[in-house]
Amino acid sequence: MAPVQAEKTEFLNSLKPENVEPLWTVMSAMVPPVPQPKATPTVWRYKSLRPLLGEAGRLVPAEESERRVLMLINPSLKAPQTTDTLYAGLQYIIPGEVAPAHRHSAFALRFIIEGDGGFTNVEGSKMYMERGDVILTPRWQWHDHGKDGNGPMIWLDGLDLPMFQAIPVNFAEHYKEDRFPSTDVEETPLKFPWKGVQEYLDAISGDHAIFDYKSKEKSGAELSTIVGGQAERISPNAKSAWRQESSSFVYHVYEGHGHTVITEANGEETILQWEQKDTFCIPSWKKFRHVNESSSQTYLFNFSDTPLLKNLAIHRVNSDI
Ligand code: GTQ
């Protein structure tokens, strides 16, 4: 080794005991020219997961699980990451079961996939849920879930849990009883029935329509400070507009089948093929568009970290596509 190189190595080795590290060796990774999400675009197929949820129902009693959920974990990341910033899971509940009351700093939304007679009680308001409904659980509000009638209910949970890895300030508390005392409510600002959302989408002309879920309690505000939601309609055999944002997305297919094209900066293409009830994710700053392959309307739901990025003033949209 040249004397300078040897000295340099010795110098670098001397840094660690002082708890310092050189920036210059990692600068480009720390400050990349464009976002470098670690998540990989991934589809979770309902056809494969539905039997596994049934098995979880059979093998894992409610008392053992608190929440019986299969987390949708990105193959490039670890739990609770579905994308770098978002968490998604499929929750399964059987008639008569109690998912006991708790509250936590994390925000949750739910998109109902299958079943009837399921309910969520949020801070004393017990609301029944149907396919396509979006239900909110604001931060630090007591919530428990249950199920009347026959057959299971399955929904998609969307939470900001990965945020609490980077900013570990999540608190949780269990209520002293399984159920928080509640009364039935029909209309609640925490529930967005699918019917009205679809009517809104159907009334918009053109091949691609978007509905922004907005807080009913604070008009104009996003669903939460971190997580927001949208529903989309794509006309029969049509394509959505291209989109590229610093947000990452978890998509769920309410109805229809087709694929999403993701184009990398180097021109490389990824195709995510999906059908009804599948869930898929789009990492930050990917350029993507959906293609409806069916001869009827396709409806998609998504949740994203757009509010988080807006609140931090780092939301960026490529409007030149
Ligand atoms: O239903 O409260 O998927 O606390 C993960 C954490 C669901 C819930 C999840 C939770 C819940």
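Not measured: the values here are computed from a predicted model.

A.B. asks: Explanation requested: the site of the ligand in the structure shown.
C.D. replies: All residues adjacent to the ligand are Arg 67, Val 69, Tyr 87, Gln 91, His 102, His 104, Arg 110, His 143, His 145, Asp 157 and Leu 159. Here an oxygen atom of the ligand sits 3.2 Å away from a polar atom, N or O, in the side chain of Gln 91. Between an oxygen atom of the ligand and a side-chain N or O atom of His 104, the distance comes to 3.0 Å. Within the complex, 90% of the 290 Å² of free accessible area of the ligand lies under protein. Those elements giving two or more residues to the shell around the ligand turn out to be β3 (87–93), β4 (98–104), β9 (143–147) and β10 (153–159). By residue class, the composition of the shell around the ligand is three nonpolar, five polar and three charged.

A.B. asks: I would appreciate a short explanation of a negative patch on the surface in the present structure.
C.D. replies: Taken together, Glu 63, Glu 64, Glu 177 and Asp 178 make up a surface patch of like negative charges. One can find Asp 178 in the loop between β11 (172–174) and β12 (183–184). What makes Asp 178 partly exposed here is its relative accessible area of 48%.

A.B. asks: It is not clear to me how the sheet that holds strand β17 (residues 258–263) should be interpreted in this structure. Could you clarify?
C.D. replies: Adjacent strands of a sheet form backbone hydrogen bonds with each other and so pair up, either parallel or antiparallel. Ordered in space as β18-β17-β20, the three strands form an open sheet in which the pairing is antiparallel. Strands at the two margins of the open sheet, each flanked by one partner only, are β18 (269–274) and β20 (287–292). Each strand of the sheet is rotated relative to its neighbour by a mean of 20°, with strand direction disregarded. Where β17 and β20 come together, six bridges link them in antiparallel fashion. Among the inter-strand pairings, Val 261 is bridged to a residue of β20, identified as Arg 289.

A.B. asks: Mind showing me how you'd approach the sheet that holds strand β14 (residues 208–213) here?
C.D. replies: With antiparallel pairing, six strands are arranged side by side in an open sheet as β1-β19-β16-β21-β15-β14. Each edge of the sheet is formed by a strand with only one pairing partner; in this case those strands are β1 (42–44) and β14. The sheet shows a mean angle of 25° between the axes of neighbouring strands, taken without regard to direction. Relative to strand β21 (residues 298–304), strand β16 (residues 249–255) runs antiparallel, the two being bridged by six bridges. Bridge pairing in β21 links His 252 to Phe 301. Each of β14, β15 (228–234), β16 and β21 is contacted by helix α6 (residues 194–202), which is oriented at about 140° to β14, the strand it contacts most.

So, how was this worked out
Residues numbered from 1 in each chain as written. Predicted model: local features only at pLDDT ≥ 70, side-chain atom pairs only at ≥ 80, totals over all residues. Heavy atoms only, no water. Near = heavy atom within 4 Å. Polar contact = N/O pair within 3.5 Å; in protein donor to acceptor, adjacent residues only side chain to side chain. Areas by Shrake-Rupley, 256 points an atom, 1.4 Å probe, with all protein chains shown as cover. Helix = DSSP H or I, 4+ residues; strand = E, 2+ residues; numbered from the N terminus. Nonpolar A, V, L, I, M, F, W, Y, C, P; charged D, E, K, R; others polar. Patch = residues over 30% accessible without salt bridge, like charges linked within 9 Å, V, L, I, M, F, W, Y side chains within 5 Å. Salt bridge = Lys/Arg side-chain N within 4 Å of Asp/Glu carboxyl O. Lys, Arg positive; Asp, Glu negative; His and termini not counted. Charge placed at Lys NZ, Arg CZ, Asp CG, Glu CD. Buried < 20%, exposed > 50% of the residue type's maximum accessible area, 1.4 Å probe, protein only. Pairing = 2+ DSSP bridges. Axes fitted to C-alpha atoms, helices over the stretch in contact; angles between N-to-C directions. Contact = heavy atoms within 4.5 Å.

None of this, on its own, says anything about what the molecule does.
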